[in-house]
Amino acid sequence: MRTEHDRKRIRRQSRKRKLRYLRARLERATSPAERRRIIEKIRRVSPTAPVPEE
């Protein structure tokens, strides 16, 4: 059975993994509309994470 600590750790790890994935996509994005969509997703996943400006 998972403890509270394990659930928090797994949630934190998956959020970091998703942020890395989205930042990599942001690097490859070409159109401003696509960049804006990805930045919105990054902010939704982690509102306090630093996001490169458009």
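This text follows the structure it describes.
This is a predicted model, so every value here is computed, not measured.

A. Geometry of the pattern of salt bridges. In total, this model carries two salt bridges according to the counting rule given. E4 serves as the salt-bridge partner of R7, at 3.0 Å between the closest nitrogen and oxygen. Taken together, the residues R7 and E4, both in helix 1 (residues 4–28) and three residues apart, mark about one turn of the helix. Residue classification places R7 among the partly exposed positions, given a relative accessible area of 44%. Note that D6 and R9 form a salt bridge whose closest N and O atoms lie 3.8 Å from each other. On the criterion of helical spacing, the pair formed by D6 and R9 is a turn pair, its members being three residues apart in helix 1.

Rules used in this analysis
- Numbering of residues starts from 1 in every chain and runs along the sequence as written.
- Reporting in this predicted model follows two pLDDT cut-offs: at least 70 for local features of residues, and 80 or more for side-chain atom pairs to be given and counted; totals over whole chains, interfaces and linings ignore these cut-offs and use all residues.
- Here the side-chain values reflect all heavy atoms present in the structure, with hydrogen atoms and water set aside.
- Salt bridge, as used here: a side-chain nitrogen of Lys or Arg that lies within 4 Å of a carboxyl oxygen of Asp or Glu.
- Secondary structure is summarised from DSSP: a helix means a run of H or I of at least four residues, a strand means a run of E of at least two, and numbering begins at the N terminus for each.
- Only protein chains enter the area calculation, which uses a 1.4 Å probe; residues under 20% of their type maximum are buried, those over 50% are exposed, and those in between are partly exposed.

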